[in-house]
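One letter stands for each residue in the lines below.
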Amino acid sequence: MGFIKNQQIKIAANLLEWKLKNDGMKVPERKILKAQAEKVVDEAIKITKTRGINILSILKELINKQK
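Residues numbered from 1 in each chain as written. Predicted model: local features only at pLDDT ≥ 70, side-chain atom pairs only at ≥ 80, totals over all residues. Heavy atoms only, no water.

Student: Which residues make up the pattern of salt bridges, and what values go with them?
Tutor: Where side chains of opposite charge bring their charged atoms close, a pairing between them can arise. Applying the stated criterion to the full structure yields four salt bridges. Here Lys-21 makes a salt bridge to Glu-17, at a shortest N to O gap of 3.2 Å. In this pair, Lys-21 and Glu-17 are both assigned in helix α1 (residues 3-22), four residues apart and thus about one turn of the helix distant. Among the residues examined, Lys-21 registers a relative accessible area of 52% and is labelled exposed. For the salt bridge of Asp-23 with Lys-19, the shortest nitrogen-to-oxygen distance reads 3.3 Å. When its relative accessible area of 37% is taken as the criterion, Asp-23 is described as partly exposed. For Lys-19, a relative accessible area of 14% translates into the label buried. Several salt bridges converge on common partners, so that one network encompasses Glu-17, Lys-21 and Arg-30. (Salt bridge = Lys/Arg side-chain N within 4 Å of Asp/Glu carboxyl O. Helix = DSSP H or I, 4+ residues; strand = E, 2+ residues; numbered from the N terminus. Buried < 20%, exposed > 50% of the residue type's maximum accessible area, 1.4 Å probe, protein only.)

What follows is the structure, given as structure tokens:
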């Protein structure tokens, strides 16, 4: 995995953790959180290819939709 994708996964994991804490939900262990973040990043990359928008904006949008 490349450096940029690793950074995107770290950002997504931190956003997911923040979202869960903010919603008063239990935060899963880091390994599970990272797996969820990888899925979100993969989905965001697919969306950026079709829409051509900033990946960070898409990550935020996808994380806000998760519960």
